[in-house]
Every structure is written in structure tokens, then in C-alpha cells.
Amino acid sequence: MSVLVLVEHSGGVFKKKSLEAIQYAANIAKGLNTTVTAVAVGNVADSAMQSLGQYGAQKVLHATDARLDNFNSRAYTKLMLAAAQKEGARVIVGLHDTVGKAVAPRVAARLKAGLVAGAVSYPDLTKGFVVKKNVFAGKAFAYVNITSDVKVITLMPNTYPLVKGEGSATVENLDVAFEDKDFSIQVKEVIKASGSVPLSEAELVVSGGRGMKGPENWHVLEDLAKTLGAATACSRPVADSNWRPHNEHVGQTGGTIRPNLYIAVGISGAIQHLAGVNGAKTIVVINKDPEAPFFSAANYGVL
């Protein structure tokens, strides 16, 4: 009855947010007196999978079907259901990102499991299985008691700092009998965002809005981000105007991030934007408008 975790990697290197999810699952497993099993997909070395033991995984189930190289929510769901059955999993942990948002609800529906999306704390096992999450665009918290036999959780990235320990996970092959209909949606092209720091995992983010006046002025923010080792982001109007790529858009209709430091330059701070960034540990706002609503949410403001 292990705790199951779907982990993601890029070029064979496991993402920081996946290591965080394993650490999160290990905390749950300790409270339930059980173990952690990770599910990895695609071309990744045994040594990399074994290293997941340093974050709390005892076992890794490895699926190598080449058709899984491009993400497919239906196929990934079938994969996780097979892994859950094999391990007798009663708790399944994913990430609150593109993959997790697509797979976790499907898995929960198939297993008749309670689902908490976007958890921001370890479950409280003293009162059942109570999980804390943000609600109302981050303006309040909800405490959800999952009472179903199987429980599914997606974790907000950058919720906990990583603590690397010792240990090595065992690796086993996971063979799933896929059908053609499992891949009825075909991926024709994948365009990956460039940049040294993935926005969803960035601990430092420099973001710009319409106050930057145009894309020709963005080099100022890019230079700052490069100096800090930060990722760059933007508000929705900037992405809609094609000043910046849409993968940099953060907010209610874009990405949700939780960096240690968020620097917002020329962004008014509408509630839709705040919904995506108010999980940041420290917010610095730079704006020439003293009435900009972002100042009320900022830890530091520069006028």
C-alpha cells in the first residue's frame, strides 16, 4: 500500500518540482507507515531513477513505451491506474502543472477517489486526511478532508524547499497493454520554451507588464533576470499583444508560480494577475502609478 508519485524529467534529468513531490509523498508515507513508489516515463538512466531514493522513494516503476514520449493524458491515466493496481496505492500524488491537471482528475474519477488540486501543505493525519489548498484566487484557504478509500493530491510546485538525504531506489519495468485508442490524439509537433530557468520551478522571477511600453524595452528586464539567475514572466496583456511568448504569461488564465522572489515591473496588479503570483514568498512592485493595486499586495514597493 505505497504512496504513488508521477514524476517528470527533461532530457533524463528529473525536474525540481518532481523531487519536491517525492519528498511530499515521503512525508505522507511516514505518517501512514508505508513506502513511496515513483512512476517514471521515457528515456531516463537507471542511475537517475535510483537517485530518487535520496528524496524518499523506495521504488521506481519505469515505463519505456516510445508512444509515451509525447504527453497524452489518456495514456498517462492508464499508466497510473496500472501502477496503482500493481502497488495497491491508496494515495496518489501529482504536480499541479500541465501534466497533473490533466491526469489527476481522470485517475480520481476512474478510482472513485477524492481529489484535492493545488495542495499547499502536508495532510493533517490527526483529523482524518485534511489537506490545505488556496481558494478564491489565493485570498483564502480551504481545508479539505478526503474520506474516500483512495486519495489523489496535486501539489503546488515550490511549496517546500528540497532536502536531499541518502538512499537508493530500486527500479522495475512497468509494462502496460496500451491500445490504439489510448493514443487517438496524435501530437504532430512539440515546441519547447527556451531559457535556462523553467518558469514553473524558478525561485526568482522578473516580470513585466504594459508599463514597459513595448517589446523593444524588454532587454532591461532580460538583463536583470540574467544577472539574478531568474526566469522572466509577463502579464496577460503583454502576451496577448505578442510582446512576449504565451508560456511566460502568469495569472488566473496563465501559469501559477510560487517563487521566493517576484519582481513586477510596470504591472498594475489586477486580481487576475495576482491569482497566479500571490503564492510568492516576497513580492517587489515597481510602478509609476501610486494607486496601482499591486502595491497593496507587495512586500516592497518602488515608485
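Residues numbered from 1 in each chain as written. Predicted model: local features only at pLDDT ≥ 70, side-chain atom pairs only at ≥ 80, totals over all residues. Heavy atoms only, no water.

### Considerations on the confidence of the model for the protein chain
Caution applies to low-pLDDT regions: their predicted coordinates should not be interpreted in detail. A residue-level look at the protein chain finds 98% of positions with pLDDT of 70 or above and a mean pLDDT of 93. The secondary structure element of the protein chain with the lowest average pLDDT is strand 2 (residues 9–10), at 89, and the one with the highest is strand 1 (residues 3–6), at 98. (pLDDT = per-residue confidence, 0-100. Helix = DSSP H or I, 4+ residues; strand = E, 2+ residues; numbered from the N terminus.)

### Quick notes on the packing of helix 3 (residues 73–87) against helix 4 (residues 98–111)
Here helix 3 crosses helix 4 at 55°, and the two axes come no closer than 9 Å. Looking at the two axes, helix 3 sits oblique to helix 4. As for the relative orientation of helix 3 and helix 4, their crossing is right-handed in sense. When helix 3 is examined against helix 4, the residues Ser73, Arg74, Tyr76, Thr77, Met80, Leu81 and Ala84 are found in contact with a partner set consisting of Val99, Ala102, Val103, Arg106, Val107, Arg110 and Leu111. Residue composition of the contact of helix 3 with helix 4, by class: nine nonpolar, two polar and three charged. (Axes fitted to C-alpha atoms, helices over the stretch in contact; angles between N-to-C directions. Parallel < 35°, antiparallel > 145°, perpendicular 65-115°, else oblique. Left-handed = near helix turned anticlockwise from the far one by under 90°. Contact = heavy atoms within 4.5 Å. Nonpolar A, V, L, I, M, F, W, Y, C, P; charged D, E, K, R; others polar.)

### So, the packing of aromatic side chains
Applying the stated criterion across every chain yields a total of six aromatic pairs. Relative to Tyr76, the ring of Phe71 lies with its centre 4.8 Å away and its plane at 80°, an arrangement referred to as edge-to-face. Exposure remark for Phe71: the relative accessible area of 29% places this residue in the partly exposed category. The rings of Tyr24, Tyr122 and Tyr160 are connected pair by pair, giving a single aromatic cluster. The ring of Phe141 carries the charged tip of Lys132 above its face, separated from the ring centre by 4.0 Å. Its guanidinium or amino end placed over the ring of Phe129, Lys151 lies 5.5 Å from that ring's centre, counting from NZ or CZ. (Phe/Tyr/Trp six-rings, centres within 6.5 Å; stacked < 30°, edge-to-face > 60°. Buried < 20%, exposed > 50% of the residue type's maximum accessible area, 1.4 Å probe, protein only. Lys NZ or Arg CZ within 6 Å of the ring centre and 35° of its normal.)

### Digging into the pattern of salt bridges
One pass over the structure, following the stated rule, counts 14 salt bridges. Lys59 serves as the salt-bridge partner of Glu172, at 3.8 Å between the closest nitrogen and oxygen. Residue Glu172 is located in strand 11 (residues 170–173), and its partner Lys59 is located in strand 5 (residues 59–63); the two are separated by 113 residues in the primary sequence. What makes Glu172 partly exposed here is its relative accessible area of 30%. For the salt bridge of Glu179 with Lys181, the shortest nitrogen-to-oxygen distance reads 3.9 Å. Members of the salt-bridge network, linked through shared partners, are Lys59, Lys86, Glu87 and Glu172. (Salt bridge = Lys/Arg side-chain N within 4 Å of Asp/Glu carboxyl O.)

### Digging into empty space enclosed by the protein
For the structure on display, the rule yields one cavity of 30 Å³ or more. In this model, the largest cavity occupies a volume close to 100 Å³. Lining of the largest cavity is provided by 14 residues; of these, Leu6, Val93, Gly94, Val103 and Ala104 occupy positions nearest its centre. Of all the elements in the fold, those that place two or more residues in the lining of the largest cavity are strand 6 (91–95), helix 4 and strand 10 (151–155). Of all the elements, helix 4 adds the most residues to the lining of the largest cavity, at five residues. Of the residues in the lining of the largest cavity, the class split is 11 nonpolar, two polar and one charged. (1 Å grid on protein atoms, 1.4 Å probe; cavity = no way out; pocket = protein on both sides within 12 Å on 5 of 7 lines; lining within 4 Å. Points joined across faces, edges and corners; volume = space filled by probe spheres on them.)

### Here's the deal with the pairing of strand 14 (residues 261–265)
Taking burial as the measure, the five residues of strand 14 include four buried ones, the bulk of the element. Taken together, the five bridges between strand 12 (residues 204–208) and strand 14 define a ladder with parallel strand orientation. Looking across to strand 14, one finds that Ser207 is bridged to Ala264. Two elements, strand 14 and strand 15 (residues 282–286), share five bridges in a ladder whose sense is parallel. Across the sheet, the residue bridging to Leu261 is Thr282, located in strand 15. (Pairing = 2+ DSSP bridges.)

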